[in-house]
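Close look at the chain arrangement
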Amino acid sequence: MMSNTIRIAPSLLSADFARLGEEVRAVIAAGADRSHFDVMGNRCVPNLTVGPLVCQASKPHSSVPIDVHLMVKPVDALIPMFAQAGAGIISFHPEASEHVDRSIQLIKSLGVKAGLVLNPATPLHVLDHVIEQLDLVLLMSVNPGFGGQSFIESTLPKLEKARRLVDTAMKNTGREIWLEVDGGVKRDNARRVAEAGADTMVAGSAVITGARNTAAYAEAIAGIRDEALAGQQRLALETA
């Protein structure tokens, strides 16, 4: 069921916010398929980042969809604000919503793709009654809140199970559903992440490094993509 495609979404959490527009343009020129926008509200996670005005300011610089990851509670109040600010995808954590189905429907009613985010300890069964409505399932491979953390290895078997759930949902609906991983993804582990079933990868500090230039970003994105494509091809052979 998987397409032979790997999407790379650099996390702007690692960007230089004093020159955000330039950073957005640089990662896109370097080959980014999405820009990943981490919104932390100092309640769901122990950090505070940016709001819809910053997303809106980055939108004119982004020629690819903005993938907004909401780590805020309550989440429904901010969904319309980020949709208006230019989000192409809005994902949220089930723990942040009183009614997960209602939050999904709110996102989709605004003409935006909807995703659900699962923390490392959040069980996959939260997807049971909503996965066929989703456009994206995002597995966190770190505990959210800060960039630069190490990949949690137990994400890999969880990802394999999620891949099977996503494939079944796609077969039932005839729609594409992306399986994204966020946290500690880099060139060294991208092959294993793809072998486990991911088709979309968020990478922050592994892409947006101290070099702060398009050439360095392009090298990092290409390295992750090449490794991930190799892993995806191996998975395809194993499941053929």
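If you're wondering where the values come from, they're calculated on a predicted model, not measured in any experiment. (Residues numbered from 1 in each chain as written. Predicted model: local features only at pLDDT ≥ 70, side-chain atom pairs only at ≥ 80, totals over all residues. Heavy atoms only, no water.)

Regarding the environment of I66
Put simply, the rule reads: Each helix is a run of H or I in the DSSP string that is no shorter than four residues. Each strand is a run of E no shorter than two, and both are numbered from the N terminus. Burial classification: accessible surface area is computed with a 1.4 Å probe over protein chains only, and a residue below 20% of its type maximum counts as buried, one above 50% as exposed, and the rest as partly exposed. Should any heavy atoms of two residues lie within 4.5 Å, those residues are considered in contact.
Within the secondary structure layout, I66 lies in strand β3 (residues 66-71). Judged by its relative accessible area of 0%, I66 is buried. In this structure, the C-alpha to C-alpha distance between I66 and A203, residues 137 residues apart in sequence, is 14 Å. The residues touching I66, leaving out its near neighbours within four places in the chain, are S35, F37, C55, S58, K59, G86, A87, G88 and I89.

A closer look at the pattern of salt bridges
Oppositely charged side chains can pair when the atoms bearing their charge come close. What counts is decided by this rule: Take a side-chain nitrogen of Lys or Arg and a carboxyl oxygen of Asp or Glu: if they are within 4 Å of each other, that pair is a salt bridge.
Evaluation of the coordinates by the stated rule reveals 14 salt bridges. Ionic pairing is found between R191 and E227, a salt bridge with its closest N-O pair at 2.9 Å. Here the residue R191 occupies a position in helix α6 (residues 187-195), and E227 occupies one in helix α7 (residues 214-239), the gap between them amounting to 36 residues. Where E195 meets R234, a salt bridge forms, and the shortest distance between an N and an O atom there is 3.6 Å. Here E195 is found in helix α6, whereas its partner R234 is found in helix α7, with 39 residues between them in sequence. Overall, the relative accessible area of 47% leaves R234 in the partly exposed class.

Concerning the sheet that holds strand β8 (residues 200-203)
The strands making up a sheet are joined through hydrogen bonds of the backbone, oriented either antiparallel or parallel. Note the following rule: Should DSSP find at least two bridges between two strands, the strands are regarded as paired. To get an axis, a line is fitted to the C-alpha atoms, and for a helix only the part in contact is used. The angle between two axes follows their N-to-C directions and goes from 0 to 180 degrees.
A sheet is described by the order of its strands in space; here 8 strands give the open sequence β1-β8-β7-β6-β5-β4-β3-β2, paired in parallel fashion. Each end of this open sheet is capped by a strand with a single partner; those strands are β1 (7-10) and β2 (35-40). Shown here is a sheet whose adjacent strand axes are inclined to one another by a mean of 25 degrees, direction ignored. Taken together, the 3 bridges between strand β7 (residues 178-182) and β8 define a ladder with parallel strand orientation. Looking at the pairing, V181 lines up with M201 of β8.

Describing the nonpolar core
Stated precisely, the cut-off is as follows: Joining through side-chain atoms within 4.5 Å is the link that ties buried Ala, Val, Leu, Ile, Met, Phe, Trp, Tyr and Cys residues into a set, and such a set is a nonpolar core.
Grouped together as the largest cluster of nonpolar side chains are 68 residues, with contacts concentrated most on F37, V68, L70, I90, V137 and M201. Tallying contributions element by element places helix α5 (residues 155-173) first for this core, with 6 residues. Once you skip the residues sitting within four places of it in the chain, M201 turns out to touch R7, I8, A9, V181, V185, A190, V193, A194, I224 and A228.

Let's talk about helix α4 (residues 100-109)
For the record, the criterion: By construction, the arc corresponds to the directions joining the helix axis to the C-beta atoms.
Within α4, burial applies to V100, S103, I104 and I107. Down the axis of α4, the smallest arc covering the buried residues is 100 degrees, so these residues share one side. In α4, those exposed residues whose orientation departs by more than 90 degrees from the buried face are R102 and S109.

Observations regarding the pairing of β3
The cut-off we apply is this: Whether a crossover is right-handed depends on one test, that the path from the first strand over the helix to the second runs clockwise when the strands point away from the viewer.
Most of β3 sits inside the fold, with 6 of its 6 residues counted as buried. Side-chain alternation along β3 places I66, V68 and L70 on one buried face and D67, H69 and M71 on a second face that is also buried. As paired elements, β2 and β3 share 6 bridges and run parallel to each other. Looking at the pairing, D38 lines up with H69 of β3. Judged from the 4 bridges that link them, β3 and strand β4 (residues 89-92) form a sheet pairing that is parallel. Considered in β4, the bridge of H69 is made with S91. One crossover worth recording links β3 to the parallel β4 by way of helix α3 (residues 79-85), and it is right-handed.

No statement about biological role is implied by the geometric values presented.
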